[in-house]
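As a plain string of letters, each chain reads:
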Amino acid sequence: MGPFITIVIVLLLLLVFANIKIVPQTQSYIIERLGKYQATWYAGIHLKIPFIDKVIKHVSLKEQIADFPPQPVITKDNVTMQIDSVVFFKVFDSRLFAYGVENPILALENLTSTTLRNIIGELELDETLTSREIINTKMQTVLDEATDPWGIKVGRVEVKNITPPPVIRESMEKQMKAERERREQILIAEGEKKAAILKAEGEKESAILRADAQKIEMVREAEGHAESIRLHKEAEAEGILRIKQAEADGIKMLLESGMSQDQIVRLRSLETLTAAADGQATKIIIPSDIQGAAGLVAAVKEISQ
């Protein structure tokens, strides 16, 4: 084998190795053959025909982020503000991404700006500031549908910042300050109201407790007075019962002594007469037939005492 053949073989081997392409994961290569689309290579090893096949574009299959600068938009009530947005997208067809539009990212940026202006133009200032989720959803739907011919799948759109004009911001700050002061006054008034209610309830409960204490005291006094009267009456009844018992015992003894009932009656009359005189009379005439009975009565009284 001559040196020339060796050189040719070496050159051929170098040429083959130079045309072996290894496509990394999450990427794809667009291949043209003689200026015409030939194939899309995905992850793996591929062999390109020298001088005929050409890799014209490397396409990333990972999800990408397009952060666009603030765009001037006008609301429905003619307020101009600056809004910037972020678009999350992914290439689902490398061929359409390579041939569908000249500059896909620039096209996506312009489409995002026009879509944002259209959506904000239908909203007033207050709605724009409080409807970010609605704006995001509408933009994502419109962009995803419009970018299908470009091989792009829009997964999510986020409005980052909404910047109103300085005059509007100052007015909003004043409004927020007034609202905070109003809430503060409401909280103070509610606190004072609750304090007054608690104080009144405390005074009411205190008055109820005092009245209950007075009532209990009066009931106890009345019960004590009633108990005293009851004991007094019971003592009087006991005394009367004992007196009656003593009188009954005395009359029984008189009857047992042989006195007649008529003599006993005359003796009781004599005692009544003596009590009526109350020691003021100087002379009391006692019938002779009851003198002995009187002595017997005196003896009975001494025994009963």
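As the structure is a computational prediction, the values presented were derived from the model and not from experiment. (Residues numbered from 1 in each chain as written. Predicted model: local features only at pLDDT ≥ 70, side-chain atom pairs only at ≥ 80, totals over all residues. Heavy atoms only, no water.)

### Digging into the side chain of Thr-115
Then step 1. With respect to the secondary-structure elements, Thr-115 resides in helix α3 (residues 104–120).
Then step 2. On the accessibility criterion, Thr-115 (6% relative accessible area) is buried.
Then step 3. Residue contacts for Thr-115: discarding those within four places in its chain leaves Met-139, Val-142 and Leu-143. (Helix = DSSP H or I, 4+ residues; strand = E, 2+ residues; numbered from the N terminus. Buried < 20%, exposed > 50% of the residue type's maximum accessible area, 1.4 Å probe, protein only. Contact = heavy atoms within 4.5 Å.)

### Overview of the packing of aromatic side chains
Remark: the centre distance and the inter-plane angle together describe each pair of aromatic rings, the angle taken between the planes.
Then step 1. For the structure shown, the criterion picks out 1 aromatic pair.
Then step 2. Arranged with centres 5.8 Å apart and planes meeting at 80 degrees, the rings of Tyr-37 and Tyr-99 form a pair that is edge-to-face. Note that Tyr-37 is positioned in strand β3 (residues 36–41) and Tyr-99 in helix α2 (residues 94–99), a separation of 62 residues in sequence.
Then step 3. Given a relative accessible area of 27%, Tyr-37 falls into the partly exposed group. (Phe/Tyr/Trp six-rings, centres within 6.5 Å; stacked < 30°, edge-to-face > 60°.)

### A short note on the packing of α3 against helix α5 (residues 132–146)
Then step 1. Contact pair α3 / α5: the axes reach a minimum separation of 10 Å and the direction vectors enclose 135 degrees. Overall, the two elements α3 and α5 adopt an arrangement that is oblique. Read as a crossing pair, α3 and α5 show a hand that is right-handed. Within the contact between the two elements, α3 uses Leu-111, Thr-112, Thr-115, Leu-116, Ile-119 and Ile-120 and α5 uses Ile-135, Lys-138, Met-139, Val-142, Leu-143 and Ala-146.
Then step 2. Its residues assigned to classes, the contact of α3 with α5 comprises 9 nonpolar, 2 polar and 1 charged. (Axes fitted to C-alpha atoms, helices over the stretch in contact; angles between N-to-C directions. Parallel < 35°, antiparallel > 145°, perpendicular 65-115°, else oblique. Left-handed = near helix turned anticlockwise from the far one by under 90°. Nonpolar A, V, L, I, M, F, W, Y, C, P; charged D, E, K, R; others polar.)

### Comments concerning a negative patch on the surface
Then step 1. On the surface, Asp-77, Glu-124, Asp-126 and Glu-127 cluster together to form a negatively charged patch.
Then step 2. As for its placement among the helices and strands, Glu-127 is situated in helix α4 (residues 125–130).
Then step 3. Relative accessible area serves as the criterion here: at 37%, Glu-127 is assigned to the partly exposed category. (Patch = residues over 30% accessible without salt bridge, like charges linked within 9 Å, V, L, I, M, F, W, Y side chains within 5 Å. Areas by Shrake-Rupley, 256 points an atom, 1.4 Å probe, with all protein chains shown as cover. Salt bridge = Lys/Arg side-chain N within 4 Å of Asp/Glu carboxyl O. Lys, Arg positive; Asp, Glu negative; His and termini not counted. Charge placed at Lys NZ, Arg CZ, Asp CG, Glu CD.)

### Digging into the pairing of strand β7 (residues 71–74)
Then step 1. The alternating pattern of β7 places Gln-71 and Val-73 on a buried face, while none of Pro-72 and Ile-74, on the opposite face, is buried.
Then step 2. Alignment of β7 against strand β8 (residues 80–91), held across 4 bridges, turns out to be antiparallel. Each residue of the ladder has a partner; that of Pro-72, found in β8, is Gln-82.
Then step 3. Joining the antiparallel neighbours β7 and β8 is a turn of 5 residues, in which Asn-78 adopts a positive phi near 60 degrees. (Pairing = 2+ DSSP bridges.)

### Let's talk about the sheet that holds strand β2 (residues 27–33)
Then step 1. Ordered by their spatial adjacency, 3 strands build an open sheet running β3-β2-β5, and the pairing between neighbours is antiparallel. The strands lining the two open edges of the sheet, one partner per strand, are β3 and β5 (53–60). Ignoring which end each strand starts from, the neighbouring axes of this sheet average 25 degrees apart.
Then step 2. Summarising the sheet, β2 and β5 pair through 7 bridges and their orientation is antiparallel. Counted as the bridge partner of Tyr-29 is His-58 from β5.

### So, a nonpolar patch on the surface
Then step 1. A cluster of nonpolar side chains, contributed by Phe-4, Ile-5, Val-8, Ile-9, Leu-12, Leu-13, Val-16, Phe-17, Ile-20, Ile-22, Ile-45 and Leu-47, occupies part of the molecular surface with about 1200 Å² of accessible area.
Then step 2. Of all the secondary structure elements, the ones that give two or more residues to the nonpolar patch are α1 (3–18), β1 (20–23) and β4 (44–47).
Then step 3. Considering each element in turn, the nonpolar patch owes the most residues, 8 residues, to α1.
Then step 4. Locating Leu-13 in the fold gives a position in helix α1.

### Some points on the nonpolar core
Then step 1. Grouped together as the largest cluster of nonpolar side chains are 29 residues, with contacts concentrated most on Met-81, Ile-83, Val-87, Leu-116, Ile-135 and Val-154.
Then step 2. For this core, the element with the most residues is α3, which contributes 6 residues. (Core = buried A, V, L, I, M, F, W, Y, C linked by side-chain atoms within 4.5 Å.)

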